[in-house]
Amino acid sequence: MTEIEFDILDELYFVASYPDLRSTLSLSDEELCQGLQSLLSKGYVRIMYPDQDTEHAYDPNTFGKHCQDYFYLATKAGLVVHNSI
C-alpha cells in the first residue's frame, strides 16, 4: 500500500465526500483520483452515490469522469489492511 492510499484510507472510517477528502489531504486531483481508483480496484473502498447511504457500483471505465462526484467509504477489508500497517 502506498503512502497516498494509506492516507486516503485514514480518512474513510466514515463516509466522506470528494471535496472533504480534497480539503483534508494535501493531494492534487490526479493523485487523489488515482489513489481512490487503486483502492477501489483492491476492494478497500466503496463508492456511495447519489447520496451517502446508497452504494454505487465501481466502473473503472467511467470512474475518472465522475471521481469528484462521489462519496467514499472504506470497506472492512480496507480497514483491516489499514490497521495492520
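Remember, it's a predicted structure, so these values are computed and weren't measured experimentally.

1. Thoughts on the packing of helix 1 (residues 3–10) against helix 3 (residues 29–42)
Two elements in contact, helix 1 and helix 3, have axes separated by 9 Å at closest approach and are oriented at 80°. The orientation of helix 1 relative to helix 3 falls into the category roughly perpendicular. On the side of helix 1, the interface is formed by Ile 4, Glu 5, Ile 8 and Leu 9, while helix 3 contributes Glu 31, Leu 32, Gly 35, Leu 36, Ser 38, Leu 39 and Lys 42. Of the residues that constitute the contact of helix 1 with helix 3, the class distribution is six nonpolar, two polar and three charged.

2. A word on the state of the cysteines
One pass over the structure, following the stated rule, counts one disulfide. Between Cys 33 and Cys 67 runs a disulfide, and the two sulfur atoms are separated by 2.2 Å. Around the S-S axis, the bridge from Cys 33 to Cys 67 shows a dihedral of about -105° and counts as left-handed. Taken as a pair, Cys 33 in helix 3 and Cys 67 in the loop between helix 4 (63–66) and strand 4 (71–74) lie far apart in primary sequence, 34 residues in all. Residue classification places Cys 67 among the buried residues on the basis of a relative accessible area of 1%.

3. Considering the pairing of strand 4
The alternating pattern of strand 4 places Phe 71 and Leu 73 on one face and Tyr 72 and Ala 74 on the opposite face, and all of these are buried. For strand 1 (residues 16–17) and strand 4, the ladder comprises two bridges, and the chain directions are antiparallel. Residue pairing for strand 4: Ser 17 is matched across the bridge by Phe 71. Strand direction decides the pairing type here: strand 2 (residues 45–48) and strand 4, joined by four bridges, are antiparallel.

4. Quick word on the pattern of salt bridges
One pass over the structure, following the stated rule, counts three salt bridges. Among the ionic pairs, Arg 22 bridges to Asp 29, the shortest N-O distance being 2.8 Å. A relative accessible area of 33% places Arg 22 in the partly exposed class. In this structure, Arg 46 engages Glu 55 in a salt bridge whose closest nitrogen and oxygen atoms are separated by 3.9 Å. Looking at Arg 46, the relative accessible area reads 29%, which means it is partly exposed. Among the residues examined, Glu 55 registers a relative accessible area of 53% and is labelled exposed.

The rules behind the values
- Residues numbered from 1 in each chain as written.
- Predicted model: local features only at pLDDT ≥ 70, side-chain atom pairs only at ≥ 80, totals over all residues.
- Heavy atoms only, no water.
- Axes fitted to C-alpha atoms, helices over the stretch in contact; angles between N-to-C directions.
- Helix = DSSP H or I, 4+ residues; strand = E, 2+ residues; numbered from the N terminus.
- Parallel < 35°, antiparallel > 145°, perpendicular 65-115°, else oblique.
- Contact = heavy atoms within 4.5 Å.
- Nonpolar A, V, L, I, M, F, W, Y, C, P; charged D, E, K, R; others polar.
- Disulfide = S-S within 2.5 Å.
- Buried < 20%, exposed > 50% of the residue type's maximum accessible area, 1.4 Å probe, protein only.
- Pairing = 2+ DSSP bridges.
- Salt bridge = Lys/Arg side-chain N within 4 Å of Asp/Glu carboxyl O.

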